[in-house]
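So you can see what is in the structure, the chains are spelled out below.
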Amino acid sequence: MKHIVRKPYWDYLKEEQWLNEMSARGFALTDYSWCRYVFADAEPGEYIYRIELLEHWPTHPESMAYIRFLEENGVECVATYMRWIYLRKKASEGSFDVYTDIDSKIKHYQRVNAFFTVLMCLEFGAALINVAGVLAFVLSSEPEFPTVNAICAGLLIVLGLIFVKLGSPIRKMIRRLKKEKTIRE
Amino acid sequence: MPESSERGALTEAVYYILLSLYSAMHGYGIMQNVKDLSNGRVELGPGTLYGALNTLLTKDWIKAVKSEGDSRKKEYLITDTGKEMVQNEIDRLEELIANGRKITGGALS
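Being a predicted model, the structure only gives us computed values, none of them experimental.

## Comments concerning the domain arrangement of chain A
All names here are of chain A.
No. 1: The domain architecture assigned to chain A consists of domain 1 (2-93) and domain 2 (102-181).
No. 2: In this structure, domain 1 and domain 2 have C-alpha centres spaced 27 Å apart.
No. 3: Listed as interface residues are 5 residues of domain 1 and, on the opposing side, 6 residues of domain 2.

As C-alpha coordinates, then:
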(Lines give C-alpha, C1' and ligand atoms only; values in the text may rest on other atoms or scores of the structure.)
Protein backbone atom coordinates (compact mmCIF):
# COMPACT_ATOMS: atom_id res chain seq x y z
CA MET A 1 0.00 0.00 0.00
CA LYS A 2 1.12 3.53 -0.77
CA HIS A 3 1.28 6.18 1.93
CA ILE A 4 1.78 9.82 1.10
CA VAL A 5 3.17 12.18 3.72
CA ARG A 6 3.49 15.90 3.11
CA LYS A 7 6.14 17.39 5.30
CA PRO A 8 8.68 20.19 4.95
CA TYR A 9 12.27 19.56 6.00
CA TRP A 10 15.02 22.16 6.05
CA ASP A 11 17.69 20.00 7.59
CA TYR A 12 18.69 16.97 5.53
CA LEU A 13 20.26 15.24 8.54
CA LYS A 14 16.95 15.37 10.44
CA GLU A 15 15.16 14.31 7.28
CA GLU A 16 17.48 11.30 6.92
CA GLN A 17 16.88 10.37 10.55
CA TRP A 18 13.11 10.58 10.03
CA LEU A 19 13.29 8.36 6.92
CA ASN A 20 15.16 5.75 8.95
CA GLU A 21 12.61 5.98 11.75
CA MET A 22 9.83 5.49 9.19
CA SER A 23 11.73 2.51 7.77
CA ALA A 24 12.04 1.03 11.26
CA ARG A 25 8.22 1.25 11.53
CA GLY A 26 7.77 -0.57 8.20
CA PHE A 27 7.36 2.40 5.84
CA ALA A 28 9.99 2.47 3.12
CA LEU A 29 10.45 5.62 1.05
CA THR A 30 9.94 4.96 -2.66
CA ASP A 31 9.63 8.47 -4.07
CA TYR A 32 10.11 12.10 -3.16
CA SER A 33 9.17 15.36 -4.76
CA TRP A 34 9.02 18.79 -3.10
CA CYS A 35 7.74 18.23 0.48
CA ARG A 36 5.96 15.03 -0.64
CA TYR A 37 7.13 11.63 0.55
CA VAL A 38 5.76 8.38 -0.85
CA PHE A 39 6.16 5.30 1.31
CA ALA A 40 5.45 1.64 0.59
CA ASP A 41 4.98 -1.10 3.15
CA ALA A 42 8.13 -3.05 3.93
CA GLU A 43 9.50 -5.24 6.67
CA PRO A 44 10.31 -3.02 9.67
CA GLY A 45 13.95 -2.01 9.40
CA GLU A 46 14.39 -3.59 5.98
CA TYR A 47 16.23 -0.59 4.54
CA ILE A 48 18.79 1.96 5.68
CA TYR A 49 18.35 5.39 4.08
CA ARG A 50 20.98 8.01 3.30
CA ILE A 51 20.66 11.42 1.66
CA GLU A 52 23.55 12.75 -0.38
CA LEU A 53 24.23 16.02 -2.18
CA LEU A 54 25.85 15.42 -5.56
CA GLU A 55 28.40 17.67 -7.19
CA HIS A 56 26.31 17.90 -10.37
CA TRP A 57 22.65 17.42 -11.21
CA PRO A 58 21.57 13.76 -11.40
CA THR A 59 21.25 13.98 -15.20
CA HIS A 60 24.93 14.99 -15.59
CA PRO A 61 27.03 12.13 -17.08
CA GLU A 62 29.32 12.05 -14.03
CA SER A 63 26.36 11.77 -11.66
CA MET A 64 24.78 9.10 -13.86
CA ALA A 65 28.00 7.06 -13.79
CA TYR A 66 28.11 7.41 -10.00
CA ILE A 67 24.47 6.39 -9.53
CA ARG A 68 25.04 3.40 -11.83
CA PHE A 69 28.04 2.42 -9.69
CA LEU A 70 25.89 2.65 -6.55
CA GLU A 71 23.16 0.50 -8.09
CA GLU A 72 25.72 -2.14 -9.12
CA ASN A 73 26.82 -2.26 -5.51
CA GLY A 74 23.49 -2.89 -3.87
CA VAL A 75 22.53 0.74 -3.27
CA GLU A 76 19.24 1.86 -4.73
CA CYS A 77 18.59 5.48 -5.67
CA VAL A 78 14.88 5.88 -4.89
CA ALA A 79 14.49 9.57 -5.65
CA THR A 80 16.36 12.66 -6.77
CA TYR A 81 15.51 16.25 -5.99
CA MET A 82 17.67 18.99 -7.47
CA ARG A 83 21.23 17.82 -6.61
CA TRP A 84 20.02 15.71 -3.67
CA ILE A 85 19.69 11.94 -3.98
CA TYR A 86 17.79 9.58 -1.69
CA LEU A 87 19.59 6.27 -1.31
CA ARG A 88 18.74 3.03 0.42
CA LYS A 89 20.37 -0.30 1.04
CA LYS A 90 19.04 -3.49 2.56
CA ALA A 91 19.95 -3.58 6.23
CA SER A 92 20.58 -7.33 5.90
CA GLU A 93 23.67 -6.50 3.80
CA GLY A 94 25.37 -4.73 6.69
CA SER A 95 25.86 -1.12 7.71
CA PHE A 96 25.46 1.62 5.15
CA ASP A 97 27.36 4.90 5.07
CA VAL A 98 28.15 6.53 1.76
CA TYR A 99 31.40 8.01 3.05
CA THR A 100 33.61 6.15 5.51
CA ASP A 101 36.90 8.03 5.71
CA ILE A 102 37.61 11.50 7.03
CA ASP A 103 38.67 12.96 3.67
CA SER A 104 35.58 11.97 1.75
CA LYS A 105 33.31 12.98 4.66
CA ILE A 106 34.87 16.45 4.76
CA LYS A 107 34.43 16.77 1.00
CA HIS A 108 30.72 15.94 1.22
CA TYR A 109 30.09 18.29 4.17
CA GLN A 110 31.91 21.07 2.32
CA ARG A 111 29.60 20.53 -0.64
CA VAL A 112 26.55 20.79 1.63
CA ASN A 113 27.97 23.88 3.34
CA ALA A 114 28.60 25.57 -0.03
CA PHE A 115 25.01 24.77 -1.04
CA PHE A 116 23.61 26.49 2.07
CA THR A 117 26.04 29.39 1.73
CA VAL A 118 24.91 30.12 -1.83
CA LEU A 119 21.25 30.10 -0.72
CA MET A 120 22.09 32.34 2.24
CA CYS A 121 23.85 34.87 -0.03
CA LEU A 122 20.90 34.89 -2.43
CA GLU A 123 18.44 35.63 0.41
CA PHE A 124 20.60 38.31 2.00
CA GLY A 125 21.33 39.86 -1.40
CA ALA A 126 17.63 40.11 -2.21
CA ALA A 127 16.95 41.41 1.32
CA LEU A 128 19.49 44.17 0.80
CA ILE A 129 17.68 45.45 -2.30
CA ASN A 130 14.46 45.69 -0.28
CA VAL A 131 16.21 47.34 2.65
CA ALA A 132 17.49 49.95 0.18
CA GLY A 133 13.86 50.69 -0.73
CA VAL A 134 12.99 51.25 2.93
CA LEU A 135 16.09 53.40 3.46
CA ALA A 136 15.08 55.58 0.51
CA PHE A 137 11.84 56.33 2.40
CA VAL A 138 13.61 57.00 5.67
CA LEU A 139 15.94 59.42 3.92
CA SER A 140 12.61 60.88 2.64
CA SER A 141 13.26 60.79 -1.07
CA GLU A 142 10.09 58.67 -1.38
CA PRO A 143 6.67 60.00 -0.38
CA GLU A 144 5.05 56.66 0.49
CA PHE A 145 6.21 54.01 2.98
CA PRO A 146 7.34 50.95 0.94
CA THR A 147 5.31 48.33 2.83
CA VAL A 148 6.03 45.58 0.28
CA ASN A 149 9.77 46.24 0.49
CA ALA A 150 9.66 46.16 4.27
CA ILE A 151 7.78 42.84 4.38
CA CYS A 152 10.04 41.27 1.75
CA ALA A 153 13.16 42.46 3.54
CA GLY A 154 11.93 40.93 6.80
CA LEU A 155 11.04 37.59 5.21
CA LEU A 156 14.27 37.38 3.23
CA ILE A 157 16.38 38.13 6.30
CA VAL A 158 14.59 35.35 8.20
CA LEU A 159 15.21 32.95 5.30
CA GLY A 160 18.87 33.97 5.15
CA LEU A 161 19.21 33.36 8.89
CA ILE A 162 17.66 29.89 8.49
CA PHE A 163 20.42 28.99 6.05
CA VAL A 164 23.06 30.39 8.41
CA LYS A 165 21.62 28.16 11.12
CA LEU A 166 21.47 25.10 8.83
CA GLY A 167 25.10 25.52 7.81
CA SER A 168 26.35 25.96 11.36
CA PRO A 169 26.35 22.28 12.51
CA ILE A 170 27.85 21.28 9.15
CA ARG A 171 30.70 23.76 9.59
CA LYS A 172 31.23 22.49 13.12
CA MET A 173 31.53 18.91 11.80
CA ILE A 174 34.02 20.02 9.14
CA ARG A 175 36.17 21.72 11.81
CA ARG A 176 36.03 18.65 14.05
CA LEU A 177 36.96 16.29 11.19
CA LYS A 178 39.82 18.53 10.07
CA LYS A 179 41.24 18.53 13.58
CA GLU A 180 40.87 14.75 13.70
CA LYS A 181 42.66 14.52 10.36
CA THR A 182 45.84 16.04 11.77
CA ILE A 183 46.34 12.89 13.84
CA ARG A 184 44.61 10.12 11.92
CA GLU A 185 43.22 9.36 8.46
CA MET B 1 62.19 9.40 -8.56
CA PRO B 2 58.57 10.00 -7.70
CA GLU B 3 57.54 13.42 -6.39
CA SER B 4 57.44 13.74 -2.63
CA SER B 5 53.67 13.21 -2.28
CA GLU B 6 54.09 9.86 -4.05
CA ARG B 7 56.27 8.62 -1.20
CA GLY B 8 53.74 9.35 1.56
CA ALA B 9 51.61 6.82 3.39
CA LEU B 10 48.66 5.25 1.61
CA THR B 11 45.31 5.48 3.31
CA GLU B 12 44.02 2.28 4.81
CA ALA B 13 41.20 2.24 2.26
CA VAL B 14 43.56 2.60 -0.71
CA TYR B 15 45.98 -0.01 0.67
CA TYR B 16 43.22 -2.58 1.03
CA ILE B 17 41.63 -1.69 -2.32
CA LEU B 18 45.00 -2.24 -4.05
CA LEU B 19 45.50 -5.55 -2.25
CA SER B 20 42.02 -6.67 -3.29
CA LEU B 21 42.77 -5.91 -6.93
CA TYR B 22 45.59 -8.45 -7.30
CA SER B 23 42.69 -10.38 -8.80
CA ALA B 24 40.05 -8.58 -10.90
CA MET B 25 37.03 -7.43 -8.91
CA HIS B 26 34.06 -5.15 -9.24
CA GLY B 27 33.01 -2.61 -6.62
CA TYR B 28 30.87 -4.89 -4.51
CA GLY B 29 33.59 -7.55 -4.48
CA ILE B 30 36.14 -4.99 -3.26
CA MET B 31 33.87 -3.87 -0.41
CA GLN B 32 33.30 -7.46 0.68
CA ASN B 33 36.96 -8.40 0.33
CA VAL B 34 38.20 -5.40 2.34
CA LYS B 35 35.73 -6.24 5.06
CA ASP B 36 36.86 -9.87 5.11
CA LEU B 37 40.58 -9.02 5.02
CA SER B 38 40.20 -6.73 8.03
CA ASN B 39 37.90 -9.10 9.94
CA GLY B 40 35.02 -6.65 9.61
CA ARG B 41 36.98 -3.67 10.90
CA VAL B 42 37.20 -1.66 7.65
CA GLU B 43 33.88 -1.03 5.93
CA LEU B 44 34.17 0.98 2.73
CA GLY B 45 31.27 3.25 1.86
CA PRO B 46 30.33 3.22 -1.82
CA GLY B 47 30.98 6.98 -2.12
CA THR B 48 34.45 6.65 -0.63
CA LEU B 49 35.21 3.61 -2.81
CA TYR B 50 34.02 5.37 -5.97
CA GLY B 51 36.22 8.40 -5.29
CA ALA B 52 39.25 6.21 -4.53
CA LEU B 53 38.77 4.05 -7.65
CA ASN B 54 38.58 7.12 -9.88
CA THR B 55 41.73 8.61 -8.35
CA LEU B 56 43.59 5.30 -8.70
CA LEU B 57 42.48 5.01 -12.34
CA THR B 58 43.79 8.52 -13.14
CA LYS B 59 47.08 7.65 -11.46
CA ASP B 60 47.29 4.38 -13.44
CA TRP B 61 47.66 2.34 -10.27
CA ILE B 62 44.67 0.27 -11.35
CA LYS B 63 42.91 -0.33 -14.67
CA ALA B 64 39.39 -1.23 -15.73
CA VAL B 65 39.03 -4.67 -17.30
CA LYS B 66 36.15 -6.37 -19.07
CA SER B 67 34.14 -8.51 -16.75
CA GLU B 68 33.85 -12.19 -17.67
CA GLY B 69 30.28 -12.82 -16.57
CA ASP B 70 28.11 -9.75 -16.39
CA SER B 71 29.52 -7.43 -19.06
CA ARG B 72 27.74 -4.33 -17.70
CA LYS B 73 29.68 -4.43 -14.45
CA LYS B 74 33.12 -2.87 -14.54
CA GLU B 75 35.96 -4.82 -12.98
CA TYR B 76 39.29 -3.42 -11.89
CA LEU B 77 42.80 -4.85 -11.71
CA ILE B 78 46.02 -3.54 -10.18
CA THR B 79 48.77 -2.33 -12.58
CA ASP B 80 52.55 -2.73 -12.21
CA THR B 81 52.76 0.83 -10.87
CA GLY B 82 50.09 -0.06 -8.33
CA LYS B 83 52.04 -3.16 -7.26
CA GLU B 84 55.12 -1.01 -6.81
CA MET B 85 53.16 1.33 -4.55
CA VAL B 86 51.94 -1.60 -2.46
CA GLN B 87 55.52 -2.84 -2.12
CA ASN B 88 56.68 0.62 -1.01
CA GLU B 89 53.89 0.72 1.52
CA ILE B 90 54.82 -2.70 2.92
CA ASP B 91 58.43 -1.54 3.34
CA ARG B 92 57.20 1.59 5.11
CA LEU B 93 54.88 -0.38 7.39
CA GLU B 94 57.69 -2.81 8.24
CA GLU B 95 59.86 0.11 9.31
CA LEU B 96 57.01 1.42 11.49
CA ILE B 97 56.46 -1.96 13.10
CA ALA B 98 60.17 -2.63 13.63
CA ASN B 99 60.66 0.73 15.34
CA GLY B 100 57.49 0.30 17.37
CA ARG B 101 58.57 -3.13 18.60
CA LYS B 102 62.13 -2.00 19.31
CA ILE B 103 61.07 0.93 21.48
CA THR B 104 58.08 -0.55 23.27
CA GLY B 105 59.84 -3.88 23.69
CA GLY B 106 57.25 -5.77 21.65
CA ALA B 107 53.82 -6.96 22.59
CA LEU B 108 55.02 -9.43 25.23
CA SER B 109 56.73 -7.02 27.61
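## Details of the environment of B:Glu12
No. 1: Its place among the elements puts B:Glu12 in helix α1 (residues 12-20).
No. 2: Take B:Glu12: there are 16 C-beta atoms within 10 Å of it, and that puts it in the partly exposed class.
No. 3: For the pair B:Glu12 and B:Val34, spaced 22 residues apart in sequence, the C-alpha to C-alpha distance is 9.9 Å.
No. 4: Beyond its immediate stretch of four places on either side in the chain, B:Glu12 contacts A:Glu185 and B:Val42.

## Some remarks on the interface of chain A and chain B
No. 1: Between chain A and chain B, the residue contacts involve 17 residues of the former and 16 residues of the latter.
No. 2: The dominant element in the side of chain A that touches chain B, judged by the number of residues it contributes, is helix α2 (residues 61-72) of chain A, at 4 residues.
No. 3: Residues of the side of chain A that touches chain B, tallied by class, amount to 6 nonpolar, 6 polar and 5 charged.

## Digging into the sheet that holds strand β2 (residues 27-33) of chain A
Think of a sheet as strands paired side by side through backbone hydrogen bonds, with each pair either parallel or antiparallel.
Residues and elements named next belong to chain A.
No. 1: Strand order across the open sheet formed by 3 strands is β1-β3-β2, with antiparallel pairing between neighbours. Pairing within the sheet leaves two strands with one partner each, and these edge strands are β1 (2-6) and β2. Strand-to-strand, the axes of this sheet are offset by a mean angle of 30°, without reference to chain direction.
No. 2: Pairing analysis gives 6 bridges linking β2 to strand β3 (residues 36-41), with the strands arranged antiparallel. Across the sheet, residue Leu29 finds its bridge partner in β3, namely Phe39.
No. 3: Packed onto the sheet, helix α1 (residues 12-24) meets β2 and β3 and runs at close to 140° relative to β2.

## Here we look at the sheet that holds strand β5 (residues 76-81) of chain A
Residues and elements named next belong to chain A.
No. 1: The strand order β4-β6-β5 describes an open sheet built from 3 strands, whose pairing is antiparallel. Looking along the sheet, the strands with just one partner apiece sit at the ends: β4 (47-53) and β5. For this sheet the average axis-to-axis angle between neighbouring strands, irrespective of direction, equals 20°.
No. 2: As paired strands, β5 and strand β6 (residues 84-90) are joined by 5 bridges and run antiparallel to one another. Within the sheet, the bridge partner assigned to Glu76 lies in β6 and is Arg88.

## Structural notes on the environment of A:Ser33
No. 1: On the secondary structure map, A:Ser33 appears in strand β2.
No. 2: Along the backbone, A:Ser33 and A:Gly154 are 121 residues apart, and their C-alpha atoms lie at a distance of 28 Å.

## Side note on the environment of A:Phe116
Residues and elements named next belong to chain A.
No. 1: Residue placement: Phe116 occurs in helix α3 (residues 102-138).
No. 2: Between the C-alpha atoms of Phe116 and Lys2, which are 114 residues apart in sequence, the distance is 32 Å.
No. 3: Excluding its chain neighbours within four sequence positions, the residues that come into contact with Phe116 are Phe163, Leu166 and Gly167.

## Concerning helix α4 (residues 147-181) of chain A
Residue and element names in this part refer to chain A.
No. 1: For α4, built from 35 residues, the straight-helix expectation of 51 Å at 1.5 Å per residue is met to within 8% by its first-to-last C-alpha distance of 51 Å.
No. 2: Maximum bend of α4: about 30°, positioned at Ser168, with proline Pro169 one to four residues after it.
No. 3: Those residues of α4 that fall on the buried side of the exposure criterion are Ala153, Leu156, Gly160, Phe163, Gly167 and Ile170.
No. 4: Contacts from the buried residues of α4 go to α3.

## A look at unusual backbone geometry
Residues and elements named next belong to chain A.
No. 1: One non-glycine residue, Cys35, lies in positive phi territory at about 60°.
No. 2: Looking at the secondary structure, you find Cys35 in the loop between β2 and β3.
No. 3: Although it is not a glycine, Met82 sits at a positive phi angle of roughly 50°.
No. 4: Along the polypeptide, Met82 turns up in the loop between β5 and β6.
No. 5: Under the C-beta neighbour-count criterion, Met82 is labelled exposed, with 11 such atoms within 10 Å.

Analysis parameters
- Residues numbered from 1 in each chain as written.
- Chains lettered and ligands numbered in written order.
- Predicted model: local features only at pLDDT ≥ 70, side-chain atom pairs only at ≥ 80, totals over all residues.
- Domains from an automatic or database assignment.
- Contact = placed C-beta atoms within 7 Å.
- Helix = DSSP H or I, 4+ residues; strand = E, 2+ residues; numbered from the N terminus.
- Buried ≥ 20, exposed ≤ 12 C-beta atoms within 10 Å, placed from the backbone.
- Nonpolar A, V, L, I, M, F, W, Y, C, P; charged D, E, K, R; others polar.
- Pairing = 2+ DSSP bridges.
- Axes fitted to C-alpha atoms, helices over the stretch in contact; angles between N-to-C directions.
- Expected span 1.5 Å × (residues − 1).
- Bend = angle between axes of the 7 residues up to and from the residue.

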